[in-house]
Amino acid sequence: MADHDLRTFTSIMDALVRVNSNMKSMERELRCPVCEEMVKQPIVLPCLHSVCVLCAAEVLVQRGYPPPELPPEPNTPTSSPHTRSPRHARRPPPKTGLDRVLKTVCGSYPGRRRKDTPPLLMLFPCSLCKKDVELGEKGLTDCLRNLTLERIVERYKQSVSVGIMAVMCQFCKPPQPLEASKGCADCKANFCNECFKLYHPWGTPRATHEHILPTHNFRPKVLVCPEHDQERLQFYCRVCQRLLCSLCKMRRVHSGHKVLPIAQAYQTLKEKITKEMNFVLSNQDTVQMQIGQLEGAITQMELNSSVAQEKLLAVVEHLRGALAERQAVLTVALEESRARRLELLENQLQEKRSLLEDAGLVSYTHELLKESDQPCFVQAGRITHYRLAKAIEHLQSFSLSADPSFRHFQMDGSREHREIGNMEFIRAPLAPVIDTQKTLAYDQLYLCWRLPQDSAQAWHYSVEYQRRVGGAGSVWGGVRTEGKGPNSSGGWLRIDDVGGTSAVVDRLEMDSVYVLRVRGCNKAGFGEYSEEVYLHTPPAPVLAFSLDSRWGLHADRLALGKGQTYARSVPGLALLQAADRTLTSCHLTSDLLVADLSITQGRHYWACSVEPGSYLVKVGVGLEAKLQEWFHLPQDMASPRYDPDSGHDSGAEDAQDSPPPFCFLTMGMGKILLPHQGVTHTSSAGHPLTTTPLPPRLGVCLDFDKGRVTFYDAHSLRMLWEGSVDCSAPVCPAFCFIGGGALQLQELVANRSIEQAPPRRVTIQPRATNLCN
């Protein structure tokens, strides 16, 4: 029996501990973020956070705003019975319906000047949002009181018996007032039973007042509009996310907004909160797992912090050791220099001292002069003469034998001091910036980027790409990317260990949109991702070709570059000789260039760029036989019978329903001439044309089987125009120059030289967070 009682007592204590823990955790939700105590008369800020009205007023006054108008209710019921007596309570005279309507519609009363000083907008620093919140023109007056939070705080205090003091009757005569048993929500006062009967007699309007439990903080019975007195808030604007009264609803600012009755908004919000609460409660295992991960992360963070601190101390100690070692080396050098100079100066000092009158050299010379034996004197006096001559020379031109200043041994540690002051922990690279001018999609995707100037260096980069959901198309490049279906991106694919600032992505699908991003890595780990860039792959396999020179070029007007992918047309002597003819007509000759291959089946795509300053350039396709005929028999370009855009030759007029042998798009002077859709030719008196700016690159897609040619803006793959062409025989890409101009075929990405090691391609798999990083 004793064991059973002990288990019962233990279970009861565990339950009390859990209840106390839950209450303590809920207490954090009931505290004011300013005073960090239980909220008192909380108001709702525009950011939806609640704060005590007195705390909000103090914060605004500290920021230099004028003191706001606070609610007229006292904070505590300690005022005198006379001021709290229902007999002396007087409501302000209600405004007439006309006044309310005028203020609602006009926003002010008649007679207000329009050029008054604009109202001061108050900014409240919300400590939870970490930013300033705009309160509006009326400041705290526009903030509604959070009655629900007040009720929750009162229930919480009653449940945990925190801060609950006996509420005394405010109308009992001293010296011993009785404890209040009721509170009146209309009188906003606390009464004992006798005083309540006295002030609420039967048969009077006061008898209908709502009585509540005694309280120190009386709240309004309902929320009323802060702009229209006594008007209940009966609507909710979903656009402005504000409660409205019937008069606020009439304002122009809510015209066209979706305004709901408050009952409908209440029911909708309550259902959402209930559903969200049920979801949270049904996923308690997930919450516990994430709590465990966070606790493990905190533990691992503390451990990693200790390891990092040890590494920091090791680096500092290593620097100290290196500094001490360098100090020893410099000290030895300084001491050696001091010893050499001391030796030189001491020798010079001894030499000078020997010249004194009573010194050794002078005394010895006196004795030498007493020698009378001439051969002996000459033999012994030569060295003395040499020493005296040397001493006289030094005496006449005296200088120190060594510099005592040590000015060449001064240390300047300012640079090292700055370096030490700038010592920081290694930062991960900042988000790279994608170079949209060089990034393109052609036969492969070419991505180019750079690091910001204030970024730390990156050891290598990681490029990630993903096929956008919804894109479908044939396999582009021969290998299908890993995925779960035509409408699934299949996860991010990653290219690791990219050494340079560019990367090539291959094995992609045609006519699909890919999103790419890149981030750098160094000893501190991976940095932030760059902004995502979207690239649209070509609608057909890329056709690689060069410009054909076999048909014979006009050397005086046309020149091909290295690799025969660049051509420039320069009007030469022939045009100058025909200057007299150009004064009376528009007869200009054209220069034609074609590809070195022909197309006999399938769909193909290629791109080129036309120099914006070109006079007139035509890009398109044509029958190989017709192009050769046109090249060997050049015609007048002003004649509609030979306009490549018209699709006419000498026999085309006999077969109006057949597709034209040529299909060209004309561009020049930075513009493109676009025929209207469905128009396959243009003549001097034909259909009107529209112009559009010349894109950096022009794309051409030929569907040989359907006989259709589509022109694109190769940068965004936006379709510019589509036309038909005769594909009954081999078709060649063709280019026509009229006047000066230049054209460059798009280089294959596969031919670009990228100086980096072969990248390592992996697939990113979702996994749990690694807490050891």
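Residues numbered from 1 in each chain as written. Predicted model: local features only at pLDDT ≥ 70, side-chain atom pairs only at ≥ 80, totals over all residues. Heavy atoms only, no water.

Engineer: Mind showing me how you'd approach the side chain of threonine 537 here?
Structural biologist: Summarising the element assignment, threonine 537 is placed in the loop between strand E21 (533–536) and strand E22 (558–560). Of the polar contacts made by the side chain of threonine 537, one reaches the backbone oxygen of glutamate 509; its length is 2.8 Å. Looking at threonine 537, its side chain comes within polar contact range of the main-chain nitrogen of serine 512, at 2.8 Å. (Helix = DSSP H or I, 4+ residues; strand = E, 2+ residues; numbered from the N terminus. Polar contact = N/O pair within 3.5 Å; in protein donor to acceptor, adjacent residues only side chain to side chain.)

Engineer: Where do I start with the packing of helix H9 (residues 360–369) against helix H10 (residues 374–396) in this structure?
Structural biologist: Working note: a packed helix pair is described by the angle between its axes plus the distance between those axes. At their nearest, the axes of H9 and H10 sit 11 Å apart, and the two run at 150° to each other. Viewed along their axes, H9 and H10 adopt a mutual orientation that is roughly antiparallel. The two elements H9 and H10 meet at a crossing, and its hand is left-handed. Within the contact between the two elements, H9 uses Leu361, Tyr364, Thr365, Leu368 and Leu369 and H10 uses Phe377, Ala380, Gly381, Thr384, Arg387 and Leu388. (Axes fitted to C-alpha atoms, helices over the stretch in contact; angles between N-to-C directions. Parallel < 35°, antiparallel > 145°, perpendicular 65-115°, else oblique. Left-handed = near helix turned anticlockwise from the far one by under 90°. Contact = heavy atoms within 4.5 Å.)

Engineer: Explain a positive patch on the surface here, please?
Structural biologist: Together, Arg238, Lys258, Lys272 and Lys275 make up a positively charged patch on the protein surface. Mapped onto the elements of the fold, arginine 238 is located in the loop between strand E8 (235–237) and strand E9 (242–244). (Patch = residues over 30% accessible without salt bridge, like charges linked within 9 Å, V, L, I, M, F, W, Y side chains within 5 Å. Areas by Shrake-Rupley, 256 points an atom, 1.4 Å probe, with all protein chains shown as cover. Salt bridge = Lys/Arg side-chain N within 4 Å of Asp/Glu carboxyl O. Lys, Arg positive; Asp, Glu negative; His and termini not counted. Charge placed at Lys NZ, Arg CZ, Asp CG, Glu CD.)

Engineer: Explain the environment of phenylalanine 406 to me, please; I cannot follow it from the model alone.
Structural biologist: By secondary structure assignment, the location of phenylalanine 406 is in the loop between H10 and helix H11 (414–421). Residues phenylalanine 406 and serine 337, spaced 69 residues apart in sequence, show a C-alpha to C-alpha distance of 8.9 Å. Once residues lying within four places of it in the same chain are set aside, the contact partners of phenylalanine 406 are Leu334, Ser337, Arg338 and Arg341.

Engineer: Even after reading the chapter, I still don't get the sheet that holds strand E10 (residues 259–261), so can you show me in this structure?
Structural biologist: Ordered in space as E9-E8-E10, the three strands form an open sheet in which the pairing is antiparallel. Every interior strand has two partners, whereas the edge strands, E9 and E10, have only one. The sheet shows a mean angle of 30° between the axes of neighbouring strands, taken without regard to direction. Of the pairings in the sheet, the one linking E8 to E10 comprises three bridges and is antiparallel in character. By the bridge assignment, tyrosine 236 is partnered in E10 with leucine 260. Packing against the sheet, helix H7 (residues 262–282) makes contact with E8, E9 and E10, and its axis sits at approximately 90° to E10. (Pairing = 2+ DSSP bridges.)

Engineer: When you look at a nonpolar patch on the surface in this model, what are you seeing that I'm missing?
Structural biologist: Together, Val315, Leu319, Ile420 and Met423 make up an exposed nonpolar region whose accessible area comes to about 350 Å². By the element assignment, methionine 423 lies in the loop between H11 and strand E11 (433–434).

Engineer: Before we go on, may I ask you to explain the packing of aromatic side chains in this structure?
Structural biologist: Any aromatic ring pair is given by two values, namely how distant the centres are and how the planes are angled relative to each other. Evaluation of the coordinates by the stated rule reveals nine aromatic pairs. Taking 5.9 Å as the distance between ring centres and 50° as the angle between the ring planes, the aromatic pair formed by phenylalanine 191 and tyrosine 199 counts as tilted. As far as burial versus exposure is concerned, phenylalanine 191 and tyrosine 199 are alike and both buried. Between phenylalanine 711 and tryptophan 721, the aromatic rings sit 6.0 Å apart at their centres with planes inclined by 25°, giving stacked as the arrangement. With a gap of ten residues between them, phenylalanine 711 in strand E31 (residues 708–713) and tryptophan 721 in strand E32 (residues 718–724) connect regions that are remote in the sequence. The two residues phenylalanine 711 and tryptophan 721 agree in class, both being buried. Just above the ring of phenylalanine 235 sits the side chain of lysine 249; from NZ or CZ to the centre is 4.3 Å. If you follow arginine 517 out to its NZ or CZ, it ends over the ring of tryptophan 492, 3.9 Å from the centre. (Phe/Tyr/Trp six-rings, centres within 6.5 Å; stacked < 30°, edge-to-face > 60°. Buried < 20%, exposed > 50% of the residue type's maximum accessible area, 1.4 Å probe, protein only. Lys NZ or Arg CZ within 6 Å of the ring centre and 35° of its normal.)

Engineer: Even after reading the chapter, I still don't get the sheet that holds strand E23 (residues 566–569), so can you show me in this structure?
Structural biologist: Adjacent strands of a sheet form backbone hydrogen bonds with each other and so pair up, either parallel or antiparallel. Taken in spatial order, the seven strands line up as E22-E23-E34-E25-E30-E31-E32 in an open sheet, and their pairing is antiparallel. Edge positions in the open sheet fall to E22 and E32, since each of these has one partner strand only. Direction aside, neighbouring strands of the sheet carry axes that sit 20° apart on average. Inspection of the sheet shows strand E25 (residues 603–610) paired to strand E34 (residues 741–745) by three bridges, in the antiparallel sense. Residue pairing for E34: valine 610 is matched across the bridge by leucine 743.

Engineer: For this particular structure, what's the right way to read the nonpolar core?
Structural biologist: As a rule of thumb, soluble globular proteins bury nonpolar side chains together. Core analysis: the biggest nonpolar cluster contains 49 residues, and Tyr605, Trp606, Val619, Met667, Leu702, Phe735 and Leu743 have the highest contact counts within it. Per element, the largest residue contribution to this core is five residues, and it comes from E25. Every residue in contact with phenylalanine 735, bar those within four places of it in the chain, is listed here: Phe545, Leu547, Asp591, Leu592, Leu593, Trp606, Cys608, Lys618, Val619, Phe664, Leu743 and Leu745. Val59, Tyr65, Cys126 and Leu135 belong to the second largest nonpolar core, which has 26 residues in total. (Core = buried A, V, L, I, M, F, W, Y, C linked by side-chain atoms within 4.5 Å.)

Engineer: What am I meant to see in the pattern of salt bridges here?
Structural biologist: Two side chains with opposite charge may pair up if their charged atoms get near one another. Considering all chains together, one arrives at 15 salt bridges under this definition. A salt bridge links arginine 507 to aspartate 506; the shortest N-O distance between them is 3.8 Å. For arginine 507, a relative accessible area of 35% puts it in the partly exposed group. For aspartate 506, a relative accessible area of 26% corresponds to the partly exposed category. Taken together, the shared-partner salt bridges connect Glu464, Arg517, Arg519 and Glu532 into one network.

Engineer: Please explain the confidence of the model for the chain as it appears in this structure.
Structural biologist: Close inspection of predicted coordinates is inappropriate in any region flagged by low pLDDT. For the chain, per-residue confidence averages 76 on the pLDDT scale, and 73% of positions sit at 70 or higher. Counting contacts from residues 582–587, a segment whose pLDDT is below 50, to residues more than four positions away or on other chains yields six contacts. Below a pLDDT of 50 lies the segment residues 678–686, which in the model reaches 16 contacts outside its immediate sequence neighbourhood of four places, other chains included. (pLDDT = per-residue confidence, 0-100.)

Engineer: Sorry if this is basic, but what is going on with the state of the cysteines here?
Structural biologist: Applying the stated rule across the entire model yields zero disulfides. Here cysteine 192 stays free of any disulfide, with the sulfur of cysteine 172 as its closest cysteine sulfur at 3.4 Å. Cysteine 663 forms no disulfide, and the closest cysteine sulfur to it belongs to cysteine 727, at a distance of 9.6 Å. Since its relative accessible area comes to 4%, cysteine 663 is described here as buried. (Disulfide = S-S within 2.5 Å.)

Engineer: Sorry, what's going on with unusual backbone geometry here?
Structural biologist: Glycine aside, a negative phi is what most residues show, and trans is what most peptide bonds show. Positive phi values are uncommon outside glycine, yet glutamine 41 reaches one of about 50°. The backbone phi angle of leucine 48 is positive, close to 75°, even though this residue is not glycine. With respect to the helices and strands, leucine 48 occurs in the loop between strand E1 (42–44) and strand E2 (50–52). Given the relative accessible area of 66%, leucine 48 is considered exposed.

Engineer: I keep staring at the pairing of E31 and nothing clicks. Help me out?
Structural biologist: Consecutive side chains along a regular strand alternate between the two faces of the sheet. Within E31, five of the six residues are buried, which leaves the element mostly enclosed by the surrounding structure. Linking strand E30 (residues 698–703) back to E31 in an antiparallel pair, the connection comprises four residues, with glycine 707 at a positive phi of about 70°. Note that E31 and E32 share six bridges and pair antiparallel. In the strand pairing of E32, phenylalanine 711 is matched with tryptophan 721.

Engineer: Can you walk me through the environment of arginine 338 in this structure?
Structural biologist: If you trace the backbone, arginine 338 turns up in helix H8 (residues 284–353). On the accessibility criterion, arginine 338 (38% relative accessible area) is partly exposed. It is 8.6 Å that separates the C-alpha atoms of arginine 338 and phenylalanine 406, two residues lying 68 residues apart in sequence.

Engineer: What's the story with the pairing of strand E33 (residues 731–738) in this structure? I'm lost.
Structural biologist: Within E33, eight of the eight residues are buried, which leaves the element mostly enclosed by the surrounding structure. Pairing between strand E24 (residues 591–594) and E33: four bridges, direction antiparallel. For aspartate 591, the partnering residue across the bridge sits in E33 and is phenylalanine 737. Bridge count for strand E26 (residues 616–623) against E33 is eight bridges, and the pairing is antiparallel. Paired with leucine 623 across the two strands is valine 731, which belongs to E33.

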